[in-house]
Each structure stands twice: as C-alpha cells, then as structure tokens.
Amino acid sequence: MQFVLILSLLLHLVDSTNVTVLLVGSKHKLTEKRVIERRKQILADCEQQKLSCSVFDALNDISKDLDPQGMWTIVPAILKLPDVSDWTIVAEDTSEININQLEKFTKSKSSADMVFSGFGLKDNEPTIIHHFGMNSPEGFKYPLVSAGFILSKSLVEVIREVDNQERWSGFAIDAKYEFALLIHKWSSVLMDHESSFFCCGDPSETCITSCSPPPTDTNSLLDSDIHVMIKTFKGHHKSRISVLKNTWTSEITRLEYCSDVEDPTIPSIDLGIGNTERGHCAKTWAIFRRFLEKTGAGAKWLLVADDDTLMSWKRLKMLLEQHDPDDKIIIGERYGFGFIESLLQTCPSCAADNDPDDMTIGICAVTSGIPIVHESRLHQARPQDYAPEYLRDPISFHKFTDIDPVSIYYSYLVDLEDLIEREKHFIKTEL
C-alpha cells in the first residue's frame, strides 16, 4: 500500500502542470497595486487547481532599473524569467484572469508542441505603424494583449535560445505586432485565434483571460483641472483649428492654441518658435515653460496635443481620475503622440529645434526618473490604422490624412447617450 501511494504521488508530480503568468503594465505604483491584487487571486486559484504557478510584473518585478531593456516589448521580459514553465500566459495588468479555465484549453494541447494562442487581431488595410505589412506572412495575426495570450514551453525555449543580436533592436512601434512577427521569424509559428479562451467583448464561461471594462466616471475631476495646449502654426489655422473647434475643443475653456503667430480671431498665441517640417521639440519645450511660468497655475494636469488630434474629453477625464496629479508622471501610448504631462520641471532643453518631441520626452523621463504610464487608448494614428477589435473606448486619434475628422470624432469618440443629450439640448434651444 505504501509503495502504491508513493508511486501515485510520483505520477501526480510528473503529470502536474506549472504555469507562469507575465503581466505587462507600466513602471508605476498603479500597476504594482493591480499586480498584487491579481497575484493573490491567481495563486489562490492555482492552489485550488493543484497547479504550480508564478506571477511576474514585467516592469516592476523584472526590470529593477528604469526599464532600459524595454520589458514592455515582452521578449526581454521572457528572457528574464527564472524558469520556463509548461505554459506562459501573457496579459496586461488590467486583464481579468481565470486560471480555473486553463485545463479546458490544455486538454487538447501539449506544452511540447509550438503553441501560440490568443485573441487574434488582423489589419484591414496596410498601415504605417505596421510597416504596411511588408514583412507579415499570409494569415498573420497578432495578439490583443489585454485579452491575453499563451505560449507553450517549447516555444518559450525557442525565444530564449535565439541569438542575442536577433532578439531586440532597441526600438518598437507596436510591441504586440512586432512580437508576433518575431515568433514567426524564429519558429515559423502563426498565432491561433482562440476567442473562446482569450476574450474581449461578450463574456464567456470558458475565458482564461479577458479584457477588463474601461473605468467608470467618478466626476471627481473638473474641466478647469486640465490645461490644454494645442501645437499649431499659421499654415494650419484655417484647415485644422476649425475642425477642433467643431469637435472636442468646442466646450473647453482652459485652452491655448500655441502657434508661431498671434491671431486674435482664434485666438492663438505666438510662442516665438518658428515652424519645423518634422519634430517639434523646441515648440513643445516652449509650451512646458509657458505652462510652468505663466498659465499653469491651479491646473492639475497639462494636456499637449497636435492640431490634428481628436480627443474624447469625457474619456480623458475618466482616465485621469484614476491617477494622482501630485505624482510626477507622463501618460501616453508607448511610442506615440499626445502625452499628458504632470510637472515636467527637470527636463533638459532640445538638442535641435526639430528633434522628435515625443522621443525626447521619453529620454528625459527615463533620465529624470519620471514614470511613463502606458495608455493604449491614446492612439498615434487614425482608426483605420488599427484592427477594429483593438479600438475599445478610444480616447484619442492622430492625423487627418484621408479621413473626415468630424465624422471620425462622432463615430468613435462621442458616446451615444451624449449625442442624444446634445440633440435634446439643441432642440430645446431652437424652441
């Protein structure tokens, strides 16, 4: 009987599954808090399912410095994991995770096979942020990280064995897309779309990981708490400023149009900085100085946006309500436009007037120890440049090229109930 019990225990150990959960967020206290909550829940579920689990915060556990190795691009974080588990689940710090459903997925899979499954995204048309799809194979999909994805042990081992020179170029535009491209390059594996296990949208009892709902409005932030400064120049006053005034800036009172000429009809202010074809670093730094020295008194946040930015003011406020304005932080899409600044008092000046301002801000933030908080709903491009499933409650878009910006604004950035309320107000006013 004792021999049978020992043999049974040994067989159980051989058959047992070990799981690593890698959560990707920002190097910031809000991510740390979320991961602590999710780790507690995941480990409790794993104990109940008799699984051996580890939970890692990619930017706060693994990256001890100020994210110099780009842990948010996933591959560097995988390389830093202490062990290779049978299954590695990658998700965002905001993702909902139900480890109890993992067994249903792994019943028909083997960790010895090359498995890469998640909620697959696919571009409807070539887009600049994905290099116009020039390197993507037929049938290529890339993961919606907020819905999670899973990698088998064999595939993770392939990633960790790739030559160091091939692993990381040091630059990323869309990490999830580039990660899937690297997986295909190194293993010829394409991601499987398994939306019944990796979910976004309609809830399902089989979901292992799923997107979390957007934050709710607490009405704790006043319009006057946000100071808005729009980068523009004389050549765009007629073509772009009128679009902004007919959309998202129409009801904003704490607002400055920062230009190279003063125009009282807008009104715009002259920053004393000439326009450059690309890279507006000097103009952005002049905006920072003006905010800190002249117009920022009483504001909790500074929003800097281009004159071809479209914004949901309501959703922006809901986002900011999650954060402490007394923290020194920058919020934006990693590699992108439209950063929201909180007291950037210690940044260096630009090396050149036409340096890229967003990248200079990023370098300055790392040097100064200021966290950059990633917000995937602040977009650097137009709606058609993204997979439709990725655009969940977007906060902003950028660029007016080949679009009707007013139509885009009302289609993507205004909630239906707000449209109905505006219509009621309009009818009441007319009567």
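Let me sum up the structure you'll find in this document. This is a predicted model, so every value here is computed, not measured.

**A look at the side chain of Arg38**
At step 1: The topology assignment puts Arg38 in helix 2 (residues 29–48).
At step 2: At a separation of 2.7 Å, a polar atom in the side chain of Arg38 contacts the main-chain carbonyl oxygen of Ser95.
At step 3: Ignoring sequence-local partners within four residues, the contact set of Arg38 consists of Leu23, Asp93, Thr94, Ser95 and Glu96.

**Focus on unusual backbone geometry**
At step 1: Omega for the bond connecting Ile266 with Pro267 falls within 30 degrees of zero, at -5 degrees, which places this linkage in the cis form.
At step 2: Assignment of secondary structure puts Pro267 in the loop between strand 13 (255–259) and strand 14 (268–270).
At step 3: Positive phi, normally seen in glycine, also occurs at Ile74, with a value near 80 degrees.
At step 4: Tracing the chain through its elements places Ile74 in the loop between helix 3 (58–62) and helix 4 (75–80).

**Here's the deal with the sheet that holds strand 8 (residues 149–152)**
At step 1: A sheet is described by the order of its strands in space; here 6 strands give the open sequence 2-1-3-8-5-9, paired in mixed fashion. A single partner strand is all that each edge strand has here, and the edge strands are strand 2 (52–57) and strand 9 (192–193).
At step 2: Pairing of strand 5 (residues 116–118) with strand 8, which is carried by 3 bridges, proceeds in the antiparallel orientation. Looking at the pairing, Ser117 lines up with Ile150 of strand 8.
At step 3: Along the sheet face, helix 6 (residues 153–161) touches strand 3 (87–92), strand 5 and strand 8 and points at about 80 degrees away from the line of strand 8.

**Re the pairing of strand 2**
At step 1: Of the pairings in the sheet, the one linking strand 1 (residues 18–24) to strand 2 comprises 6 bridges and is parallel in character. Paired with Val21 across the two strands is Val55, which belongs to strand 2.
At step 2: Note on the crossover from strand 1 through helix 2 to strand 2: the handedness is right-handed.

**Some thoughts on the packing of aromatic side chains**
At step 1: All chains considered together, the criterion is met by 13 aromatic pairs.
At step 2: For the ring pair Phe149 and Phe179, a centre distance of 5.5 Å and an interplane angle of 40 degrees mean the geometry is tilted. With Phe149 in strand 8 and Phe179 in helix 8 (residues 175–187), this pair connects stretches of sequence that are 30 residues apart.
At step 3: According to the relative accessible area criterion, Phe149 is buried, its value standing at 0%.
At step 4: Taken together through their ring pairs, the aromatic side chains of Trp87, Phe105, Phe197 and Phe198 make up a single cluster.
At step 5: Sitting over the face of the ring of Tyr390, Lys176 holds its NZ or CZ atom 4.0 Å from the ring centroid.

What counts as what
Residues numbered from 1 in each chain as written. Predicted model: local features only at pLDDT ≥ 70, side-chain atom pairs only at ≥ 80, totals over all residues. Heavy atoms only, no water. Helix = DSSP H or I, 4+ residues; strand = E, 2+ residues; numbered from the N terminus. Polar contact = N/O pair within 3.5 Å; in protein donor to acceptor, adjacent residues only side chain to side chain. Contact = heavy atoms within 4.5 Å. Pairing = 2+ DSSP bridges. Axes fitted to C-alpha atoms, helices over the stretch in contact; angles between N-to-C directions. Right-handed = clockwise from strand over helix to strand, strands pointing away. Phe/Tyr/Trp six-rings, centres within 6.5 Å; stacked < 30°, edge-to-face > 60°. Buried < 20%, exposed > 50% of the residue type's maximum accessible area, 1.4 Å probe, protein only. Lys NZ or Arg CZ within 6 Å of the ring centre and 35° of its normal.

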